[in-house]
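Summary of structural features
For reference, the chains in residue letters:
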Amino acid sequence: AFERISKNLIEQIDSLSTIASDFSKFAQPQTEELIPVDLIKLLTDIDELYQHDQFIKINLDLSDNNLEVLGIADDLKRVFINLIKNSIEAMPNGGIIIVRTYRYKTDAYIEFADTGIGIPVDIQKRVFQPNFSTKSSGTGIGLAICKKVVESYGGSINFASVPGSGTTFTLNFRLTKSAQD
């Protein structure tokens, strides 16, 4: 029993530490230098994290092998994992997440589409607001941070959702000069 309580306590401390880090990151301006990030490699690495999940299937549709953008790989990875985590939570009985990349002119696009419960229409306007959450244990900071990170790299994040049919988040970033050629 003590071991179980200790493990639970450690998990709670880790969770609080993550929340504190999230709030800190949200409040601080971007100070690190942006460097080229290979979106295809980043998404492939993230996909490997979920390969053994029995209830969730991630289908990668990576249309291009040269989608390089300026950013910070760890921050982008956290954004992508947060979007996947939200999709997983929206599919309590399992489902499929399609991660698709494509380019249009000088921009790279990434779509995260799930087969989940969708976002109710009456709260769709609030999903990027700090401190707004529909989850009992949520802080409401995850999507706000995603938006801040994406926009700090000159990109944008939008979504379309049909309650009962799923949600698709679309991110776009300017390609690096070398990836535009």
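Residues numbered from 1 in each chain as written. Predicted model: local features only at pLDDT ≥ 70, side-chain atom pairs only at ≥ 80, totals over all residues. Heavy atoms only, no water.

**Re the overall build of the chain**
Helix and strand content of the chain: five helices and seven strands. The 181 residues of the chain split such that 38% are buried. Partitioning the contacts of the chain with sequence separation of at least 6, the portion at a separation of at least 24 is 73%. (Helix = DSSP H or I, 4+ residues; strand = E, 2+ residues; numbered from the N terminus. Buried < 20%, exposed > 50% of the residue type's maximum accessible area, 1.4 Å probe, protein only. Contact = heavy atoms within 4.5 Å.)

**Thoughts on the sheet that holds strand β5 (residues 107-114)**
Reading across from one edge, β2-β4-β5-β7-β6 is the order of the five strands in this open sheet, with mixed pairing throughout. Each edge of the sheet is formed by a strand with only one pairing partner; in this case those strands are β2 (56-62) and β6 (156-162). Direction aside, the axes of adjacent strands within the sheet are offset by 15° on average. Relative to β5, strand β4 (residues 95-104) runs antiparallel, the two being bridged by eight bridges. Its bridge partner lying in β5, Ile97 is registered against Asp114. (Pairing = 2+ DSSP bridges. Axes fitted to C-alpha atoms, helices over the stretch in contact; angles between N-to-C directions.)

**Concerning the environment of Gln124**
Within the secondary structure, Gln124 is located in the loop between β5 and α4 (142-152). For the pair Gln124 and Ser161, spaced 37 residues apart in sequence, the C-alpha to C-alpha distance is 8.2 Å. With residues up to four places along the chain from it excluded, the contact list for Gln124 reads Ile119, Phe159, Ser161 and Pro163.

**Re the pattern of salt bridges**
Per the stated rule, a full pass over the model turns up five salt bridges. For the salt bridge of Glu151 with Lys147, the shortest nitrogen-to-oxygen distance reads 2.8 Å. A residue pair is termed a helical-turn pair when its members lie 3 or 4 positions apart in one helix, as Glu151 and Lys147 do in helix α4 at four residues. Glu151 sits in the partly exposed class, given a relative accessible area of 41%. (Salt bridge = Lys/Arg side-chain N within 4 Å of Asp/Glu carboxyl O.)

**Focus on the packing of helix α3 (residues 73-89) against α4**
Across the interface, α3 lies against α4 with an axial gap of 10 Å and an inter-helix angle of 145°. Judged by the twist between their axes, the crossing of α3 over α4 is left-handed. Residues Asp75, Val79, Asn82, Leu83 and Asn86 of α3 form the contact with α4, whose own contacting residues are Gly142, Leu143, Cys146, Val149 and Val150. For the contact of α3 with α4, the class distribution of residues is six nonpolar, three polar and one charged. (Left-handed = near helix turned anticlockwise from the far one by under 90°. Nonpolar A, V, L, I, M, F, W, Y, C, P; charged D, E, K, R; others polar.)

**With respect to the nonpolar core**
One recurring pattern in soluble globular proteins: nonpolar side chains tend to sit buried together. Core analysis: the biggest nonpolar cluster contains 40 residues, and Leu39, Leu76, Phe80, Phe112, Leu171 and Phe173 have the highest contact counts within it. Taken together, the elements giving at least two residues each to this core come down to α2 (39-49), β2, α3, β4, β5, α4 and β7 (166-174). In contact with Phe173, not counting residues within four places along its chain, are Leu39, Val69, Leu76, Thr106, Asp107, Ala108, Ile110, Val150, Tyr153 and Gly155. (Core = buried A, V, L, I, M, F, W, Y, C linked by side-chain atoms within 4.5 Å.)

**Overview of the packing of aromatic side chains**
In total, this model carries five aromatic pairs according to the counting rule given. Summarising the aromatic geometry, the rings of Phe128 and Phe169 are spaced 6.2 Å apart at their centres and angled 85° between planes, so their arrangement reads as edge-to-face. Here Phe169 lies in strand β7 and Phe128 lies in the loop between β5 and α4, a separation of 41 residues in the sequence. Residue classification places Phe128 among the buried positions, given a relative accessible area of 18%. The positively charged end of Lys147 is found above the aromatic ring belonging to Phe128, 5.1 Å away from the centroid. (Phe/Tyr/Trp six-rings, centres within 6.5 Å; stacked < 30°, edge-to-face > 60°. Lys NZ or Arg CZ within 6 Å of the ring centre and 35° of its normal.)

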